[in-house]
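Listed here are the chains, written in short residue letters.
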Amino acid sequence: MFRASRRAALAAAVFAAVALVPVTSAAALGTPGTGTVAAPVNTAPSTSSVTASGLSLFVISDSVVATATLSYSGPLPDVIVAWGDGARTRTSPPIASVPGRPLPTAGKLVLQHVYAPSANGAGFIRHVSAVSPASAEELVSRDIAIIPRYRVTQYAVEFSPLNHCDSVAEAYTEWRVFRDGGGFPYKAWEFDRHTADVGGVGLPLPDFQPLPDSAVSVETTVASAPNVAYGAWEEDPFQNEFFDRQFVDFNPLRGSRTVILTYHEAFGHDCRIQMRMPIDVHLLTPGYSGAPVAGQ
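The following refers to the structure shown. Note that the structure is a prediction, hence the values are computed from the model and not measured. All residue numbers refer to position in the chain's written sequence, counted from 1. Owing to the predicted nature of the model, reporting of local features is limited to residues with pLDDT of at least 70; listing and counting of side-chain atom pairs is limited to 80 or more, with chain, interface and lining totals taken over all residues. Working from all heavy atoms in the structure, the side-chain values ignore hydrogens and water.

**Things to note about the environment of Ser-160**
The helix count covers DSSP runs of H or I at least four residues long, the strand count covers runs of E at least two residues long, and both are numbered beginning at the N terminus. Note on placement: Ser-160 falls in strand 12 (residues 158-161). Burial here depends on accessible area, computed with a 1.4 Å probe over protein chains only, as a share of the maximum for the residue type. Under 20% is buried, over 50% is exposed, and the range in between is partly exposed. With a relative accessible area of 0%, Ser-160 lands in the buried category. For the pair formed by Ser-160 and Gln-209, sequence separation is 49 residues and the distance between their alpha carbons is 6.7 Å. Here a polar contact means two N or O atoms within 3.5 Å. Within protein one must be a hydrogen donor candidate and the other an acceptor candidate, and residues neighboring in sequence count only if both atoms are side-chain atoms. Within the structure, the side chain of Ser-160 is placed 2.7 Å from the backbone nitrogen of Asp-207, a separation counted as a polar contact.

So, in structure tokens, the structure goes:
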């Protein structure tokens, strides 16, 4: 009854997350820069511990990484750590003392495991236990919540008109492009593009060029993934030409891809533009270095 209620409490704390992306070390992602924001999620690691005679188990989870610490008194025990997903890690106690290095009588062993995200990206619970290999008896155990987190990076936005959006008397079109929402600061770009020769002869289009400082990155779960709006208008001395904003979904479930946004003038004229942006998604494995990671 106690274990069931404990699992129910953990289940209530687990919220949606995402899969379908390659695994990468968090260290490879680098330090977040000015274009990085943290989504409003609870990123505090999940921790738990329990003690048995001469052996205690402490478990911490961060994203999909679980770190188990086995503390012992007496000789280092021969145990198997079962991670609850079919994977097992067996400790390797020494079978004899080495001259000048007697067998330890107390200490701890730290092991790590990386879980595969669920297919639908939801958080989940796993039962972690230390098991005797001789008797298959569960010595100590604990349930932990696994809540995957991801780094979603949108690289530089490339912009191009698809046709000349001004009169035949003008060779350049004047643009204002903006980004809004998703927890990122509002940002706008103003520039001219040469889209026709004087006399209305069009130049080859599209002609994609990057918007400066338009790359952004967010660390998120599926449940907290933002939508970011991009919009634009073409400035004209007589009448501006407006485009309805469109949204880029930062949900990690969509995976790495290139997003292409095609805009048609909002009030029925023939002005058209396009924006495209590569998006990269990586599953975070913070602090993971393999198993075992330490022994004392």
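After that view, the rundown keeps rolling.
**Structural notes on the pairing of strand 11 (residues 150-154)**
For a regular strand, side chains alternate in direction, first toward one face of the sheet and then toward the other. With five of five residues buried, strand 11 is to be regarded as a mostly interior element. Residues Tyr-150, Val-152 and Gln-154 of strand 11 are buried on one face, and the alternating residues Arg-151 and Thr-153, pointing to the opposite face, are buried as well. Pairing between strands is defined by DSSP: at least two bridges between them are needed. Of the strand pairs in this sheet, strand 11 and strand 18 (residues 216-220) are connected by five bridges, and their pairing is antiparallel. Counterpart to Tyr-150 in the pairing with strand 18 is Thr-220. As defined by bridge partners, strand 11 adjoins strand 22 (residues 272-285) across five bridges and the pair is classed as antiparallel. Across the sheet, Gln-154 pairs through a bridge with Ile-279, a residue of strand 22.

**Here's the deal with the sheet that holds strand 20 (residues 241-249)**
Strand order in this open sheet of four strands is 14-13-19-20, and the pairing throughout is antiparallel. Strands with a single pairing partner mark the edges of an open sheet, and in this sheet they are strand 14 (187-194) and strand 20. Strand-to-strand twist of the sheet, defined as the mean angle between neighbouring strand axes without regard to direction, takes the value 20°. Inspection of the sheet shows strand 19 (residues 227-235) paired to strand 20 by seven bridges, in the antiparallel sense. From the neighbouring strand, Glu-234 faces strand 20, where its bridge partner is Glu-241. All axes here are fitted lines through C-alpha atoms, helices being fitted over the stretch that makes contact, and every angle between N-to-C directions spans 0 to 180 degrees.

**Topic: the sheet that holds strand 9 (residues 124-131)**
In space, the four strands of this open sheet follow the order 7-6-9-10, with antiparallel pairing throughout. Both outer strands of the open sheet, strand 7 (88-90) and strand 10 (138-146), are each paired with one neighbouring strand and no more. Averaged over all adjacent pairs, the angle separating strand axes in this sheet is 15°, with direction ignored. Bridge count for strand 9 against strand 10 is eight bridges, and the pairing is antiparallel.

**What to know about the state of the cysteines**
Linking two cysteines covalently through their sulfur atoms gives a disulfide. Here, the term disulfide refers to a pair of cysteine sulfur atoms separated by no more than 2.5 Å. This structure, assessed with the given rule, holds one disulfide. Here Cys-165 is linked by a disulfide to Cys-271, with a sulfur-sulfur distance of 2.0 Å. With the S-S dihedral at roughly 95°, the linkage between Cys-165 and Cys-271 falls on the right-handed side. Of this pair, Cys-165 sits in the loop between strand 12 and strand 13 (172-180) while Cys-271 is found in the loop between strand 21 (257-264) and strand 22, placing the two residues 106 residues apart along the sequence. The same class applies to Cys-165 and to Cys-271, which are both buried.

**Description of unusual backbone geometry**
Note: most peptide bonds trans; most residues except glycine with negative phi. With an omega dihedral of 5°, the bond running from Leu-205 to Pro-206 counts as a cis peptide bond. Assignment of secondary structure puts Pro-206 in the loop between strand 16 (201-202) and strand 17 (209-210). Phi is positive for Ala-136, close to 65°, though the residue is something other than glycine. For Ala-136, the position within the fold is in the loop between strand 9 and strand 10. A residue is classified by how much of its surface remains accessible, and Ala-136, at 59% relative accessible area, is exposed.

**A short note on the pattern of salt bridges**
Any Lys or Arg side-chain nitrogen found within 4 Å of a carboxyl oxygen on Asp or Glu counts as a salt bridge. Using the criterion set out here, one finds eight salt bridges in the structure. Residue Asp-78 is joined to Arg-90 by a salt bridge in which the shortest nitrogen-to-oxygen separation is 2.8 Å. Of this pair, Asp-78 sits in the loop between strand 5 (65-73) and strand 6 (80-82) while Arg-90 sits in strand 7, and the two are twelve residues apart along the sequence. The partner of Arg-276 in a salt bridge is Glu-158, and the shortest N-O contact between them spans 2.6 Å. Here Arg-276, found in strand 22, pairs with Glu-158, found in strand 12; they are 118 residues apart in sequence, far enough to count as distant. With relative accessibility at 30%, the residue Arg-276 sits in the partly exposed group. Beyond isolated ion pairs, a larger network of salt bridges with shared partners links Asp-62, Arg-149, Arg-151 and Glu-219.

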